[in-house]
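Examining the three-dimensional arrangement
Chain residues, written in single-letter form:
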Amino acid sequence: EEARRNFRELLEKLIKIASLQTSFQTLDEALKVTNRRVNALEHVVVPRIENTVKYIAKELDEMEREEFFRLKKVVQMKDPEVPKEGSNVPEEITESKDMFAEFNGNENDEDVVF
């Protein structure tokens, strides 16, 4: 009678242990999947996003420089007496003043945005 009771208690404990083992295996698999995702984020997604941000920043800087150049050209075209010394305008910009001379003839051009 006592052996039967001990066997039954041992069997119940063995079932609990088997259940815990299954839970640990499931948890281990979930942990592995999570670690893979974290590694993918750290080593693939985040560097891609950082490179994209750097690219966008470079493009915005380039656009800003182009807009500055356009603005200087418009000012020079409107007022040719703009002082060139000390204005921090590169020499190639001031020398190419006649570049837009052919466009000055038609002031009512509808395609011109400025």
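Residues numbered from 1 in each chain as written. Predicted model: local features only at pLDDT ≥ 70, side-chain atom pairs only at ≥ 80, totals over all residues. Heavy atoms only, no water.

Moving on to the overall build of the protein chain. Counting its secondary structure elements, the protein chain contains two helices and zero strands. In the protein chain, which comprises 114 residues, the share counted as buried stands at 6%. Of the roughly 10,800 Å² of accessible surface on the protein chain, a fraction of 57% belongs to carbon and sulfur atoms. (Helix = DSSP H or I, 4+ residues; strand = E, 2+ residues; numbered from the N terminus. Buried < 20%, exposed > 50% of the residue type's maximum accessible area, 1.4 Å probe, protein only. Areas by Shrake-Rupley, 256 points an atom, 1.4 Å probe, with all protein chains shown as cover.)

Across all of its chains, the model carries five salt bridges by this definition. Among the ionic pairs, Asp28 bridges to Lys32, the shortest N-O distance being 3.6 Å. Of this pair, Asp28 and Lys32 both sit in helix H1 (residues 2-78), four residues apart, roughly one helical turn. The exposure class assigned to Asp28 is partly exposed, which follows from its relative accessible area of 36%. Salt-bridge contacts for Glu67 lead to Arg70; the nearest nitrogen and oxygen are separated by 2.9 Å. One end of the pair, Glu67, and the other, Arg70, are both in helix H1, three residues apart, so they sit about a helical turn from each other. By relative accessible area, which is 45% here, Glu67 ends up partly exposed. Judged by its relative accessible area of 39%, Arg70 is partly exposed. (Salt bridge = Lys/Arg side-chain N within 4 Å of Asp/Glu carboxyl O.)

We now examine H1. Taking 1.5 Å per residue as the helical rise, H1 with its 77 residues ought to reach 114 Å, and the 110 Å between its terminal C-alpha atoms agrees with that figure. Bending of H1 peaks at approximately 40° at the position of Leu41. Within H1 the residues assigned to the buried category are Lys73, Val74 and Gln76. (Expected span 1.5 Å × (residues − 1). Bend = angle between axes of the 7 residues up to and from the residue.)

With that out of the way, let us pick up the confidence of the model for the protein chain. Per-residue pLDDT for the protein chain has a mean of 82; in total, 69% of the residues score no lower than 70. The model gives residues 92-103 a pLDDT under 50, and that stretch makes twelve contacts with residues more than four places away or in other chains. (pLDDT = per-residue confidence, 0-100. Contact = heavy atoms within 4.5 Å.)

Turning to a nonpolar patch on the surface, a few remarks are in order. Together, Leu41, Val44, Val45, Val46, Ile49 and Val53 give the surface a local cluster of nonpolar side chains, amounting to about 470 Å² of exposed area. Looking at Val53, the relative accessible area reads 51%, which means it is exposed. (Patch = residues over 30% accessible without salt bridge, like charges linked within 9 Å, V, L, I, M, F, W, Y side chains within 5 Å.)

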